[in-house]
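Topology and contacts: notes
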Amino acid sequence: MIERILPRHVACADAFEDPPDARLFPEEETIVAGAVTRGRLEFTTGRVCARSALAMLGREPEPILRGAAGQPLWPAGTIGSITHCRGYRGAAVAETRHARSIGVDAEPDEPMPTGTFEKISPAGERREIRRLGAEHPGVHWDRLLFCVKESVYKAWFQLTGAAVPFTDVGAVIDPVAGGFVARLRGSGTVLPGRWLAERGLLLTAVVVPGSTNGARGVAGE
Ligand SMILES: CC(C)(COP(=O)(O)OP(=O)(O)OC[C@H]1O[C@@H](n2cnc3c(N)ncnc32)[C@H](O)[C@@H]1OP(=O)(O)O)[C@@H](O)C(=O)NCCC(=O)NCCS
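All values reported here derive from a predicted model rather than from experimental measurement.

1. Regarding the packing of aromatic side chains
Evaluated as defined, the whole model comprises four aromatic pairs. Summarising the aromatic geometry, the rings of W141 and W195 are spaced 5.4 Å apart at their centres and angled 80° between planes, so their arrangement reads as edge-to-face. You can see W141 sitting in helix 5 (residues 141-160) and its partner W195 sitting in strand 9 (residues 189-198), a full 54 residues away along the chain. We classify W141 as buried; its relative accessible area is 4%. Taken together, a centroid distance of 5.8 Å and an interplanar angle of 65° make the contact between F146 and F166 edge-to-face. With F146 in helix 5 and F166 in the loop between helix 5 and strand 7 (169-174), this residue pair connects regions lying 20 residues apart in the sequence. Residue F146 is classed as buried on the basis of its relative accessible area of 15%. Under the relative-accessibility criterion, F166 is labelled buried at 15%. Three or more aromatic residues joined by ring pairs form one cluster here, namely F146, Y153 and F166. We note R199 situated over the ring of F16; from NZ or CZ to the ring centre the distance is 3.6 Å.

2. Regarding the sheet that holds strand 1 (residues 11-15)
Strands pair in a sheet through their backbones, by hydrogen bonds, and they do so in one of two ways: parallel or antiparallel. Read across the open sheet, the three strands follow the order 1-5-4; overall the sheet is antiparallel. Taken across any chain shown, the strands that pair with only one partner, and hence form the sheet edges, are strand 1 and strand 4 (78-85). Averaged over neighbouring strand pairs, the angle between their axes works out to 10° when direction is ignored. Alignment of strand 1 against strand 5 (residues 88-95), held across five bridges, turns out to be antiparallel. Among the inter-strand pairings, D14 is bridged to a residue of strand 5, identified as G90.

3. Structural notes on unusual backbone geometry
Excluding glycine, a negative phi dihedral is what most residues carry, and trans is how most peptide bonds are arranged. Its identity as a non-glycine residue notwithstanding, R199 has a phi of 55°, on the positive side. Along the polypeptide, R199 turns up in the loop between strand 9 and strand 10 (201-209). Owing to a relative accessible area of 59%, R199 belongs among the exposed residues under this scheme.

4. Brief notes about the site of the ligand
Of all residues adjacent to the ligand, which total 19 residues, the nearest are R47, T83, H84, D105 and E150. Between the ligand and H84 there is a distance of 2.7 Å, counted from an oxygen atom to a side-chain nitrogen or oxygen. E150 is positioned such that a nitrogen or oxygen atom in its side chain is 2.7 Å from an oxygen atom of the ligand. Protein chains shield 74% of the accessible area of the ligand, which is 920 Å² for the free molecule. Of the residues assigned to the shell around the ligand, the class counts are eight nonpolar, five polar and six charged. There are two domains that each give the shell around the ligand at least three residues, and those are domain 1 (2-104) and domain 2 (110-192).

5. Description of the nonpolar core
I129, W141, V152, I173, F180 and L191 are the most contacted members of the largest nonpolar core, which has 29 residues in total. Counting only elements with at least two residues in this core, the list comes to helix 3 (116-120), helix 4 (123-135), helix 5, strand 7, strand 8 (179-184), strand 9 and strand 10. When residues of this core are assigned to their parent elements, the largest contribution, ten residues, is made by helix 5. I5, C85, A92 and L196 belong to the second-largest nonpolar core, a separate cluster that totals 20 residues.

6. Section: the side chain of E42
Structurally, E42 is set in helix 2 (residues 37-56). Polar contacts involving the side chain of E42 include one to the side chain of H84, which spans 3.1 Å. When near neighbours in sequence (up to four residues on either side) are disregarded, E42 contacts H84, C85, R86 and R89.

What counts as what
- Residues numbered from 1 in each chain as written.
- Predicted model: local features only at pLDDT ≥ 70, side-chain atom pairs only at ≥ 80, totals over all residues.
- Heavy atoms only, no water.
- Phe/Tyr/Trp six-rings, centres within 6.5 Å; stacked < 30°, edge-to-face > 60°.
- Helix = DSSP H or I, 4+ residues; strand = E, 2+ residues; numbered from the N terminus.
- Buried < 20%, exposed > 50% of the residue type's maximum accessible area, 1.4 Å probe, protein only.
- Lys NZ or Arg CZ within 6 Å of the ring centre and 35° of its normal.
- Pairing = 2+ DSSP bridges.
- Axes fitted to C-alpha atoms, helices over the stretch in contact; angles between N-to-C directions.
- Near = heavy atom within 4 Å.
- Polar contact = N/O pair within 3.5 Å; in protein donor to acceptor, adjacent residues only side chain to side chain.
- Areas by Shrake-Rupley, 256 points an atom, 1.4 Å probe, with all protein chains shown as cover.
- Nonpolar A, V, L, I, M, F, W, Y, C, P; charged D, E, K, R; others polar.
- Domains from an automatic or database assignment.
- Core = buried A, V, L, I, M, F, W, Y, C linked by side-chain atoms within 4.5 Å.
- Contact = heavy atoms within 4.5 Å.

Treat this as a map of the structure, not an account of what it does.
Right, here's the structure in full:
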């Protein structure tokens, strides 16, 4: 499903269940040694998806370790992103010449937990989301906005090594064409992305192009 919101040069894989025979490398086992079963399963299937996607790029299986901020550490010459939520795990990877950064996120297409929407969005953005809800019912637009901001957070972290507060990410969602444009307040950076609502899930993806596909860098950089 995730391939529908990613460009062709990005390899990806996803899963709606945890394969019973999924295995981690010993170095990865250490990362989730203290995790509860659900977290362990999500992590394991996420790694399996990531390795499937890396195999599409011709890469042999190898451990994908975790950085100090929780970010996945990709094999040399590749970058990517992993997401998991109830009923879904997905990963996207590309060679660094094709993409400088990727952020993907999945959320259940359900209402936001009480109070979270107010924390992540200023009043004007909340008004726009309410308008989308009135004009295009059927998608939990507040949750989609959160999903957009999570994917932007991941892509931005990979690009800069810095965390971006959600209130610094302004996003405009195109309800018809399945796109969005995120603007990072302060830096003026613009990150376009794509979204999808299907099977009770929301998926978002941001891909910052690399040097071989006409990229001149992130707008605003
Ligand atoms: C890191 C974060 C973006 C993860 O998103 P999430 O929706 O909770 O969880 P997902 O399953 O989609 O993503 C988890 C994956 O993100 C990746 N990830 C974690 N930290 C990351 C980072 N700093 N940069 C890029 N990717 C990261 C990991 O691959 C992780 O999976 P893994 O542990 O199995 O490797 C999110 O938890 C977070 O910390 N956001 C900070 C912003 C914030 O303030 N959020 C709350 C707003 S109310």
